[in-house]
Structure formats: C-alpha cells, structure tokens
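Residues per chain are reported as follows:
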Amino acid sequence: MSNEWKISPLGDSAVLISFGTSMDRSVQDHVQQFARLLHQHPFPGCIEYVPAYNSVTVLYDPIICSYEHVVLAIESIWAASDLSSQPLLSPMVIPVYYGGASGPDLKYLADYHDLTESEVIQLHTSAQYVVSMIGFTPGFPYLTGLPTELATPRRAEPRTSVPAGSVGIAGVQTGIYPQESPGGWQIIGNTPIPLFDVSRIPPALLQPLQPVQFQSISYDDYLALKEDYR
Amino acid sequence: MIRVLRAGLMTTVQDLGRVGFRRYGVVMSGAVDSFSSSVANWLVGNKETAACLEMTLQGAILSFDEDSIVAVCGADTELKVANQLVPMWRPLYIQKDTVLSIDSVFNGCRVYLAVAGGIGTTEVLGSRSTYLGARFGGYHGRALFEDDDIPVGSSSTPKDTPWLHSSMVRGTRCKRCKWPSWGVSKRERRSILSGSLRALPGEQYNVLSEEGQQLLWTEEFRVSSQADRMGIRLDGPVISLRTSVEMVSEGVVPGTVQLPPSGRPVILLADGQTTGGYPRILHVASIDLPKVGQLRPGQPVFFTQVELESAQSLLRERQAELQQLEHTINQRRKGEN
C-alpha cells in the first residue's frame, strides 16, 4: 500500500483505488499515472479499468485471481514502475462555434457572471482542462479546470433534447454531449468534431486523463468542418 | 434467417457482453441471466459466448427459413409448434418454415432462445450485444419488431446432429419439431428463480443508519414497476443515512446497489451507467447476478450478507459445476451417453 492511494473491494469482481478526497492537480496526476501503469502492465485476470475524478475502478475475473492476488499485483506494478519516463497524452484541441443557436445559454451565463459573451468565450478557451472521467453516455467527457469565474449551476429545467456536439457547463465542470440526449447543462457552443464513433478503436475521441483545450471558430469554419466529418 | 412474426415485449440480441470500453462510457450490456443464455447455447452446440435472443415478460413468435436446432431456457413459459407444446431446456430440431411461438413468461422475467450457429448480426466493438441506450449493437441497436429478419451464423447441417437419430427421440404429431429424451434438470433450472440475493456491503454501507443496515438484511423488498436492463428500483422500507454525504462520481458495476435521495435502493444491471455519484450500499455477489436478471415487477427480494472470500469461492465452485454441466450436455448431444 502506498501513501498516495488505497485499495478496497467494489463487490467481488472489482476494486476501487482511491487517491484521496480532493480533486487537485496532484490527485489527477496520480490517477493518470496509475491508469497508464495498469494499461501497460495488466495483471492476469485484469479485465478493464475506469478512471474517475480521484479514483480508478479495476474490474477483474475472480475465477482467475482472488481479491488478495489483485492487491498484491497492483502493489507490485506500482512499486516497479518508473514514473519519470512516462510520456504524457498529447492535448486535444476542440474547435467550437460559440453562441447563436449553438450556444442558447451563452447570454444567460454571461449575464449571470456580469461578463460579455466575448469575455466568457475568452475565459473558456484560455483554460487547460483534463478529462477526469468519461461516462453518462458513450464518450461524454467530464472536464476539470474550468475557470471559477464561469462556474454556473445547471439549468433549473433540463432540456428534453440537447444536440450532439453541444459544449456545456454545470457547476465547476465543463463537458461535451457526443450524442443527442436530454441534458441540464448550460449550453454555450457546439463542436463539429464527432466525439464517439463505434467504427473507431478506441471509439471515443478523448481518453480519460487527456489534456484538452477549446478553440473558438467562425460559423463558416464550423460548417466546413462539419462537412469534412460527414 | 429467423423471421419475426411477433416481437414480444422487449426482445434483443445479446451475447455475454461488451468488454474493454467501459472507460469510454460504453456499458457492458449482454444477457442479464447469463446462466440461461449459456445453457441454451450449449444445448444447440454453440459456445456460451454466441449471441442469442433475450425475451422479456412476453416472448416472440418466430419462423425459420431453414431446418434449425434451437433451445429456449430461462423462466417458465409455454413453447408451441403447430399448437403443440414443446419442451424448454432441451435442444429442438425445427423443420424449415415452421412457426415457434413463445408465450408469456412466468415465475421469472426472461427467456433466451439460442440457435445453432448463433445469431449472426454484425459485431460492434467486439460484441453482438445490444446497447439500447446508445442505439448500437445487436440488431441495429434496437429491440426487435415484427417483420425483422434476423441473420443466423452457419453451423453443421442439423440433420447431422447425433441425437436426432436416436431411437429415443420424441416429437410433435406433425413431425415438424423433434427433441431428445434428455434435458437440463429441474434443480438446475430453478437455481435462477429466487429473490434471495447474496450481497457484500458497499463503500458507503457504514454511512447507513444502524436501522438502515438492519432493514437491509431483515426486511422484504419488492421489485417496483421501474425495472429494466439498466436497473431495478426496489419498493419497501426506506433506507436512511446517518449523515448526508458529498459524493464525487466513482465507478459502479452490474450488481451495485445504489441509494438515491428517495431512500429506495436501485440494483444496477448490465446496461447500468459506468460511474455514479449516489452512495453504494451493497454489491450483489456475482454468483447471484443471473437471479437479478430474472426479477420481475412485484417479486419479493431479500438480501443475505456474504463475505468477499466466500462470494469468490462460491463463484469458483459454481464455475466448476457449470463446466461439468457443459461437458454433460456436449456428451449427450453427441450421443455419447
């Protein structure tokens, strides 16, 4: 067991590796390091892993290994690792057309924070984000790193339909809806890039723990990119 | 091809699930009673990983455009060919252009139809399971409708099946359907029809009030009408926490029992979300997940506490039993018994 993480059973076929209760940068780095180690050195019986904000869930086959074996395997993988030589995931830049019909909540959000729409876009695109978790729907990324000036509560009434590609804010999180679905996030723009495609391996554009930045594009560029990806 | 004449309430193509993409938000899916789907596959000579049809509460009416070997396993239902009852839990030889009808399901929730060669829909992300929420996998990512034509994988000619040539073979009067004198025992079949679920305490079990913990193990819950492949909401005593708890989303798995603010537990199933922010109060032991797949609205549910080591060793024992069952079925099929 290490100072940086603790392991506990999640039922009889999974374990939870917890990296503490805070969501700060060092915790995220640990989650990232751990996930990468596990990816490179899966132990016999390891089925898959799911990173989240400050934890990683590892699913395993208890026919092949017991809980005790899993604990030992994970401890030894961590102990044997050379963390300094790990290459980082390269950042993904997501082009977004902000406002208009693509960002029906941009004005509300700007007014809420006493900012202009331009200032909101400037703040949203200047930050460095990290994918903390992918869930809710396939490929939906929960991004941490939102400037606190933009933190806004969810809509009082969720929409029954949010278009695919919608970029939203809820509380201190920002995210992107890969598919059309109901949604309660404040929608400020839309990306023409597909976030999820079952014919690709991996099917999601973004990986857990990947760095992300947003880039503001013109409506013409948005339409052109959408055409490219058709 | 299998032609769907009546689809049934909720019929989908499922295999043993989609694995390896959970961190991208892709749920496992797959047969929620993997015991019945595996046995049905073994009876027709498939591996347990072959795709089959999962039917819920009301079965389908199907016709086969080729001579086929099929089997239906799961909760109880009436199977008929030409208005004559044919048995579950045995392989059935069905002549081409014959109609097989599967009626309402009782004593449980689901039945599985396997066909020799397996259901042959296109694999998506390594599996033929249907992910209804994301609309991919299985048959065009949806439940079956009337007039759908379901492709079947190739296998050896049904007429070559050894048990068909046994002198002990039985059949319908019209001879369009035949079956062997052997099948899977009642004791085996009944193993999945029980609302008594073994479970381990979850991460937030200790945040439950003492009364809440007591209630979990002693009281009867009931499956509410809000029950599907994603999760089962339980009616019954409201379970309370000692103190409110701020939760950051963490992983959940099939069998995880969450406690939403209503105080009514929810058991997650194969199509349940990959991460969640509600307290996890229990995890159903994997050995009892097939039972969860057979819980129907109104059915009573009890939780029995089990230790982790015990849950894992029970699972290994069960695996050995299943391997033995598969072996026996294979021998019977080949006429070696």
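Keep in mind it's a predicted model, so treat the numbers as computed, not measured.

Visitor: Give me the lowdown on the nonpolar core, citing residues and values where you can.
Guide: Proteins that are soluble and globular tend to have nonpolar side chains buried together. Within the largest apolar cluster, 81 residues are counted, with the highest numbers of intra-cluster contacts made by Val39, Leu62, Leu100, Ile267, Leu282 and Phe303 of chain B. When residues in this core are grouped by element, the largest group, six residues, is from strand S5 (residues 68-76) of chain B. Among residues more than four places away in sequence, those in contact with Leu62 of chain B are Ile2, Arg3, Val4, Leu5, Leu53, Met55, Thr98, Val99, Leu100 and Leu113 of chain B. Ranked by size, the runner-up nonpolar core spans 36 residues in total, among them Val96, Val167 and Leu206 of chain A together with Val124 of chain B.

Visitor: Describe the sheet that holds strand S1 (residues 6-9) of chain A, listing the residues and the values that go with them.
Guide: Residue and element names in this part refer to chain A. Ordered in space as S1-S2-S4-S3, the four strands form an open sheet in which the pairing is antiparallel. On the outer flanks of this sheet lie S1 and strand S3 (46-51), each paired with one strand and no other. Geometrically, the sheet is characterised by an average inter-axis angle of 20° between neighbouring strands, direction not taken into account. Here four bridges tie S1 to strand S2 (residues 14-18), and the two strands are oriented antiparallel to one another. Following the sheet pairing, Lys6 is matched in S2 by Ser18. Helix H2 (residues 67-80) rests against S1, S2 and strand S4 (55-60) of the sheet, and its axis sits at about 160° to S1.

Visitor: Give a description of the interface of chain A and chain B that names residues and reports values.
Guide: With 43 residues of chain A in contact, the opposing surface of chain B contributes 34 residues. Together chain A and chain B conceal approximately 3100 Å² of surface at their shared face, both sides included; 66% is due to carbon and sulfur atoms. Put simply, chain A and chain B have zero salt bridges between them. Put simply, the parts of the chain that give the side of chain A that touches chain B at least two residues each are S2, S3, S4 and strand S6 (129-134) of chain A. The element contributing the most residues to the side of chain A that touches chain B is S3 of chain A, with five residues. Across the side of chain A that touches chain B, the residue classes tally to 28 nonpolar, eleven polar and four charged.

Visitor: Tell me about the packing of helix H1 (residues 25-40) of chain A against H2 of chain A, and please be specific about residues and values.
Guide: Residue and element names in this part refer to chain A. Where H1 meets H2, the axes come as close as 10 Å, and the angle between the chain directions of the two elements is 105°. When the interaxial angle is binned, H1 and H2 end up roughly perpendicular. On the side of H1, the interface is formed by His30, Gln33, Phe34, Leu37 and Leu38, while H2 contributes Ile74, Ile77 and Trp78. Considered class by class, the residues forming the contact of H1 with H2 number six nonpolar, two polar and no charged.

Thresholds, definitions, all that
- Residues numbered from 1 in each chain as written.
- Chains lettered and ligands numbered in written order.
- Predicted model: local features only at pLDDT ≥ 70, side-chain atom pairs only at ≥ 80, totals over all residues.
- Heavy atoms only, no water.
- Core = buried A, V, L, I, M, F, W, Y, C linked by side-chain atoms within 4.5 Å.
- Buried < 20%, exposed > 50% of the residue type's maximum accessible area, 1.4 Å probe, protein only.
- Helix = DSSP H or I, 4+ residues; strand = E, 2+ residues; numbered from the N terminus.
- Contact = heavy atoms within 4.5 Å.
- Pairing = 2+ DSSP bridges.
- Axes fitted to C-alpha atoms, helices over the stretch in contact; angles between N-to-C directions.
- Buried area = accessible area lost by both parts, 1.4 Å probe.
- Salt bridge = Lys/Arg side-chain N within 4 Å of Asp/Glu carboxyl O.
- Nonpolar A, V, L, I, M, F, W, Y, C, P; charged D, E, K, R; others polar.
- Parallel < 35°, antiparallel > 145°, perpendicular 65-115°, else oblique.

Geometric descriptors of this kind do not, in isolation, establish any biological role.
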